[in-house]
Amino acid sequence: MATYPRVLGRTLDIIFYALIGTTVLTVLVVVAMFVWKSPNVDLAVPVAFVPDAGTVTLRSDVYGDGEITMAQGVASFEEVGGPGHVAQAIAIVAVFLIPAFVILHMLRRLVRTVAEGRPFQDANVTRIRVIGLATVVFELLYGVTNFLLQQSVARTVTASGVDLAANFSVNPAVIVLGLVIFAVAEVFRYGGSLQAESDLTV
Amino acid sequence: MPIKVSLDRMLLDRKMTLTELADRVDITIANLSVLKTGKAKAIRFSTLDAVCRELQCQPGDILAFEPEP
């Protein structure tokens, strides 16, 4: 087995099992907070807001006068074991961890075939396509979840000095990255046909 | 595939087994088997050179073109 893919494979294995551990720990902490009201962990939620008119002024010799039209950040609430924590844990699991697990699982299998010297297989074409899809889905889910959480905060929280709002945004670079990964899958598919040709060349 | 490989007939004529030929030409039995059974898609000149040298034959003695009807 080639050394670098083997090291990469081991690294991915460690990250994979660390992610499993983190997931289990998160679920246990949330259950503990909900059932026993302990430990006391602040609830962090994403927020989007517009400062009240006249409260924030921007002046620049380069850009002139301006105002903040939309800002995003994180709000921290003291809530022990409430439905907010459970909702947040579910959101984290669904949005971050499921695509992360899918991508890591596919990557581990892919790197194993590279280490074994047989990377150009149909199975790897599928795996790379799944990674590309998971990347795009992850970014879209992240944008939607962020928006829904911000909306929930805007509806249920009163704030002074700012107008709470909800802002939907996705990082186009990540979407493009997903497309690049799909293109790489096609390269692997072509590689597979070259490999098949080579295998039957004596 | 219109190219027919008659390696087994030549091996019989030269009283050689596939294993012996594989050892002599330094090609795996698996690869020679692929050639013998007509599953090969291509053959390198180096392989053809080695096989013909060991079997003391011409490429045309083991390769033939038979167009499909």
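In this report, we go over the structure that sits alongside the text. (Residues numbered from 1 in each chain as written. Chains lettered and ligands numbered in written order. Predicted model: local features only at pLDDT ≥ 70, side-chain atom pairs only at ≥ 80, totals over all residues. Heavy atoms only, no water.)

What follows deals with the overall build of chain B. On a plain count of helices and strands, chain B comes out with 5 helices and 2 strands. Put simply, chain B runs from its N terminus to its C terminus through helices and strands in the order β-α-α-α-α-α-β. For a compact globule of 69 residues, the expected C-alpha radius of gyration is about 11 Å, and chain B comes in at 11 Å, within 12% of that figure. Viewed in the frame of its principal axes, chain B has a C-alpha envelope of about 35 × 20 × 20 Å. Looking at the 69 residues of chain B, the share that counts as buried comes to 32%. Looking at chain B as shown, the accessible area adds up to about 4600 Å², and 54% of this sits on carbon and sulfur atoms. In chain B, 10 side chains carry a positive charge and 10 a negative one; their mean positions are 3 Å apart. (Helix = DSSP H or I, 4+ residues; strand = E, 2+ residues; numbered from the N terminus. Rg over C-alpha atoms; globule rule 2.2 N^0.38 Å. Buried < 20%, exposed > 50% of the residue type's maximum accessible area, 1.4 Å probe, protein only. Areas by Shrake-Rupley, 256 points an atom, 1.4 Å probe, with all protein chains shown as cover. Lys, Arg positive; Asp, Glu negative; His and termini not counted. Charge placed at Lys NZ, Arg CZ, Asp CG, Glu CD.)

Another aspect to go through is the packing of helix H3 (residues 122-156) of chain A against helix H4 (residues 172-199) of chain A. All names here are of chain A. Closest axis-to-axis distance for the H3/H4 pair is 8 Å, and the angle between their directions is 175°. Our classification of the angle between H3 and H4 gives roughly antiparallel. On H4, the residues that touch Asn124, Val125, Ile128, Arg129, Ile131, Gly132, Leu133, Thr135, Val136, Glu139 and Leu140 of H3 are Val174, Ile175, Leu177, Gly178, Ile181, Phe182, Val184, Ala185, Glu186, Phe188 and Arg189. Grouping the constituent residues of the contact of H3 with H4 by class yields 14 nonpolar, 4 polar and 4 charged. (Axes fitted to C-alpha atoms, helices over the stretch in contact; angles between N-to-C directions. Parallel < 35°, antiparallel > 145°, perpendicular 65-115°, else oblique. Contact = heavy atoms within 4.5 Å. Nonpolar A, V, L, I, M, F, W, Y, C, P; charged D, E, K, R; others polar.)

The subject of this paragraph is the nonpolar core. Formed by 21 residues in total, the largest nonpolar core has its most connected members in Leu7, Leu11, Leu21, Leu32, Leu55 and Ile62 of chain B. When residues of this core are traced back to their parent elements, those giving at least two are helix H1 (7-13), helix H2 (18-25), helix H3 (29-36) and helix H4 (45-55) of chain B. The element best represented in this core is H4 of chain B, accounting for 5 residues. By size, the runner-up hydrophobic cluster in this structure holds 8 residues, among which are Met106, Leu110, Val125 and Ile181 of chain A. (Core = buried A, V, L, I, M, F, W, Y, C linked by side-chain atoms within 4.5 Å.)

Residues and elements named next belong to chain B. Contact geometry for H2 and H3: axes closest at 9 Å, N-to-C directions at 120°. Pair H2 / H3 crosses with right-handed handedness. Taking contact as the criterion, the partners of Leu18, Thr19, Leu21, Ala22 and Val25 in H2 are, on H3, Ile29, Leu32, Ser33 and Lys36. Counted by class, the contact of H2 with H3 contains 6 nonpolar, 2 polar and 1 charged residues. (Left-handed = near helix turned anticlockwise from the far one by under 90°.)

Here we take up the interface of chain B and chain A. A common way to express how large an interface is: the accessible area buried when the components associate. The interface is formed by 10 residues belonging to chain B together with 4 residues belonging to chain A. Taken as a group, Lys41, Ala42 and Arg44 of chain B account for 58% of the area that chain B buries against chain A, more than any other trio of residues on that side. On inspection of chain B and its partner chain A, the count reaches 0 salt bridges. Counting the contacts that link chain B with chain A gives 5 residue pairs in polar contact (both at pLDDT 80 or more). Ranked by the residues each element gives to the side of chain B that touches chain A, the list is headed by H3 of chain B, at 3 residues. (Buried area = accessible area lost by both parts, 1.4 Å probe. Salt bridge = Lys/Arg side-chain N within 4 Å of Asp/Glu carboxyl O. Polar contact = N/O pair within 3.5 Å; in protein donor to acceptor, adjacent residues only side chain to side chain.)

Moving on, we come to the environment of Gly192 of chain A. Within the secondary structure layout, Gly192 of chain A lies in helix H4. Residues Gly192 of chain A and Asn124 of chain A, spaced 68 residues apart in sequence, show a C-alpha to C-alpha distance of 9.3 Å.

What follows is about the sheet that holds strand E1 (residues 43-51) of chain A. Residues and elements named next belong to chain A. The 3 strands are arranged E4-E1-E5 in an open sheet whose pairing can be described as antiparallel. Edge strands, defined here as strands with exactly one partner in the open sheet, are strand E4 (71-77) and strand E5 (162-165). The mean angle between the axes of side-by-side strands here comes to 50°, regardless of whether they run parallel or antiparallel. Strands in contact with H3 are E1, E4 and E5; relative to E1, the strand with the most contacts, it is inclined by about 75°. (Pairing = 2+ DSSP bridges.)

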